[in-house]
Amino acid sequence: MKSEIREILNASVKKLYSEEINDFDITRPKFKSHGNWSSNIALILGKELKDQPRKIAKNIVNEFPKKNWLSKIDIAGPGFINFFLTQEAQTEFLKSFLSDDFSFIETKENRKILIEYVSSNPTGPIHVGHGRGAAYGSALAKLLRLTGDKVVEEYYVNDRGLQTDVLALSVFLRYQELFDLRILFPSDCYQGDYIKKCAKSAKKYFGDKFMLKKDLKSQQSSDISLILEEIYKITPDFKELTDFCISYQMEEIKSILLKFKVEHESWVSEKSLYKSSKGSSLFETTLSELKKNNYTYLENDALWFKSSEFGDEKDRVLIRNNQDPTYFASDVAYHKFKFDRDFDQLINIWGADHHGYIARLEGALDALNLNPKKLETLIIQFVSLIKSGENISMSTRKGEFISLEELIKEVGVEAARFFFLARKSDQSLEFDIDLAKREDKNNPVYYIQYAHARISSLQKELLKRKLIIDNENGFKKLSKVLTDLEFEIINEIEQFQDVIQQCKKDLEIHPLCFYLRDLASKFHSYYNANKFIEDEKDLRDAKFILVAAIKKVLIQGLDILSINAPEKM
RNA sequence: CUCUCGGUAGCUCAGCUGGAUAGAGCAUCUGCCUUCUAAGCAGAGGGUCGCAGGUUCGAAUCCUGCCCGGGAGGCCA
């Protein structure tokens, strides 16, 4: 209906004024007295033509053909054109809505999209901040798939570099303790209990292979690089332990993510970027291209990238003076790898702490003649946890992170996902643990699920009473038996696809959360004010069509969020 | 200092590609269960949209300046 109105308006404007405008709106007005659809076309045109909007509106309305779905057109306020549909027209779409799968929601584009998200370091457990990104990325992937895009969900594993060495060292030292060797544990090593767990697992796997025969000379210094140096010297197979630790941590992370209903299908190892196939590695090719394009220089034995030429505040190091590539250098190669795979759009979902990275990365892409516009980096702001009114969340300094696993244990997967998703992602989030645990209307997750459970229960009751809904009859009677509230609900249902399209356009999920809550609310009102298992067949058939449509939206909406729609609560 | 996100009801937040009378939830107050789930519903009160200018028919929304708060600014990742 909306698109038909748009076409007619476009045509009449062309005819009347030989103008073409695209940026006018056709929206659902806030107030019922403003009709079912409303357009600001005359206001926009008024500006363009420097003429009175109301006058223009009048001309357009006079030009508007008679339609059987249209009951009235009004001009209101400064020049809005308001369309009032007939009752039949308002219920019309429900028919296709119920019979179709959600194919009507697909757009024609069918883009290939890569979403990289979570990508947390395998040096420790995944915490609530990552959890937010995880929920967001997975929901976005689902939403884009629903609208017809091909989506690959990817996790980038930082399996090389200093941090992984520190991980291995930490495990190595804890491992010695399992053989009753007391070795000083430097404060720069990872302190968490998960290191001990990993050490135990290493002992099971390697036996005493890495057991130290004598004390470390360097341990007095607490200098990690010195200790590592000595260990490398006396334990030639140390890399095996490093690899073990990384895959151990990755398995831990994967299993938590799976519990959280997050499943990446692609895992890219940072280390693999340095493995050469047919002569040179991806890293080498990337680097030599930067060099060739003359965007690098040597200074203090380090290789620098001229990122300041691309709007970054200063140049950045690619290769340190000890010849070790920086994380940034890897990341450039990784992003080149993303571009090489021929996606239409690349989406990065990063934590807010990576914010400063965007400029230099886009600069590097530019330098490689890759279009930075193809890449969209979304920033997920921090999560703070609130319990009994107190902030219990992490402080980066002290390393006090609340793990995602703990949070799930505390509030459950459903609530955790919803609370993460219900907030605009680039805004910091206060996660109220007490609220997430409540099982009443205060908790939007339960509220939405409850609406679904109530509908299911109604349908079960039908079966119990051996009543069968006649859909054909229901559709026929729909517009005749329904009241205002019911038309309002129908409007709400119809808006589902607008909400989805909006989310897709803005790469946002929270509008869907708000929408589902609103729809649930309308249903609860409806439920409370009505009897559904009516004695009168026509009324019953019609109402159950409406109820089935609500249910369908709730299921689909919750599915995007990966939240259950329980039959019974 | 630079960059960035924010400041909307007592609280937590939507709305921001300019539109009609400012939107939810929570909290507060008043009602509703012998009917298919009260984990629910109905109603009420509650606002200088941080401040000051500007742009125009029209600004919470766009521009400029300022005030306040979160975050980020390594040859760590």
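From a predicted model like this one, the values you see are computed outputs, not experimental measurements.

Enquirer: When you look at the overall build of chain A in this model, what are you seeing that I'm missing?
Expert: In terms of regular secondary structure, chain A is built from 21 helices and 17 strands. Here chain A holds 569 residues, and the buried ones make up 51% of them. Here the analysis covers contacts within chain A between residues at least 6 apart in sequence; of these, 71% occur between residues at least 24 apart. Summed over all atoms, the accessible surface of chain A reaches about 27900 Å², with 48% contributed by carbon and sulfur. Across chain A, the 84 positively charged side chains and the 87 negatively charged ones have centroids separated by 3 Å.

Enquirer: What exactly am I supposed to notice about the protein's contact with RNA strand B here?
Expert: RNA strand B sits among 60 residues. The nearest are Ser-38, Phe-80, Asn-121, Lys-441 and Tyr-447. Backbone atoms, meaning sugar and phosphate, make up 63% of the atoms of RNA strand B lying within 4 Å of the protein. In the model, a base nitrogen of RNA strand B is placed 3.1 Å from a nitrogen or oxygen of the Met-569 main chain. If you list the elements that add at least two residues to the surface near RNA strand B, you get helix H2 (41-49), strand E4 (80-85), strand E11 (302-305), helix H16 (444-464) and helix H20 (510-529).

Enquirer: How should the domain arrangement of chain A be read in this particular structure?
Expert: Buried accessible area, meaning the area lost when the parts come together, often serves as the stated size of an interface. We note that the domain assignment places domain 1 (2-85), domain 2 (162-253) and domain 3 (444-561) within chain A. Relative to domain 3, the C-alpha centre of domain 1 lies at a distance of 31 Å. Taken together, the contact between domain 1 and domain 3 spans five residues of the former and five residues of the latter. The largest per-residue losses of area from domain 1 upon contact with domain 3 belong to Lys-2, Arg-28 and Lys-32, which jointly make up 82% of the total buried on that side. Between the two partners, domain 1 and domain 3, sit two salt bridges. Measuring nitrogen to oxygen at the nearest pair gives 3.9 Å for the salt bridge that ties Lys-2 to Asp-498. Linking domain 1 with domain 3 are two residue pairs in polar contact (both at pLDDT 80 or more), by the criterion used here. For the side of domain 1 that touches domain 3, a count of residues per class yields one nonpolar, one polar and three charged.

Enquirer: How should H20 be read in this particular structure?
Expert: For an α-helix, 3.6 residues make a turn, and residues three or four places apart therefore share a direction. The end-to-end C-alpha separation of H20 is 29 Å, in line with the 28 Å expected for 20 residues at 1.5 Å each. For H20, every residue scored as buried is listed here: His-510, Leu-512, Cys-513, Tyr-515, Leu-516, Leu-519, Ala-520, Lys-522, Phe-523, His-524 and Tyr-526. Packed against the buried residues of H20 are helix H5 (128-146), helix H14 (413-421), H16, helix H18 (484-494), helix H19 (496-506) and helix H21 (537-561).

Thresholds, definitions, all that
- Residues numbered from 1 in each chain as written.
- Chains lettered and ligands numbered in written order.
- Predicted model: local features only at pLDDT ≥ 70, side-chain atom pairs only at ≥ 80, totals over all residues.
- Heavy atoms only, no water.
- Helix = DSSP H or I, 4+ residues; strand = E, 2+ residues; numbered from the N terminus.
- Buried < 20%, exposed > 50% of the residue type's maximum accessible area, 1.4 Å probe, protein only.
- Contact = heavy atoms within 4.5 Å.
- Areas by Shrake-Rupley, 256 points an atom, 1.4 Å probe, with all protein chains shown as cover.
- Lys, Arg positive; Asp, Glu negative; His and termini not counted.
- Charge placed at Lys NZ, Arg CZ, Asp CG, Glu CD.
- Near = heavy atom within 4 Å.
- Polar contact = N/O pair within 3.5 Å; in protein donor to acceptor, adjacent residues only side chain to side chain.
- Domains from an automatic or database assignment.
- Buried area = accessible area lost by both parts, 1.4 Å probe.
- Salt bridge = Lys/Arg side-chain N within 4 Å of Asp/Glu carboxyl O.
- Nonpolar A, V, L, I, M, F, W, Y, C, P; charged D, E, K, R; others polar.
- Expected span 1.5 Å × (residues − 1).

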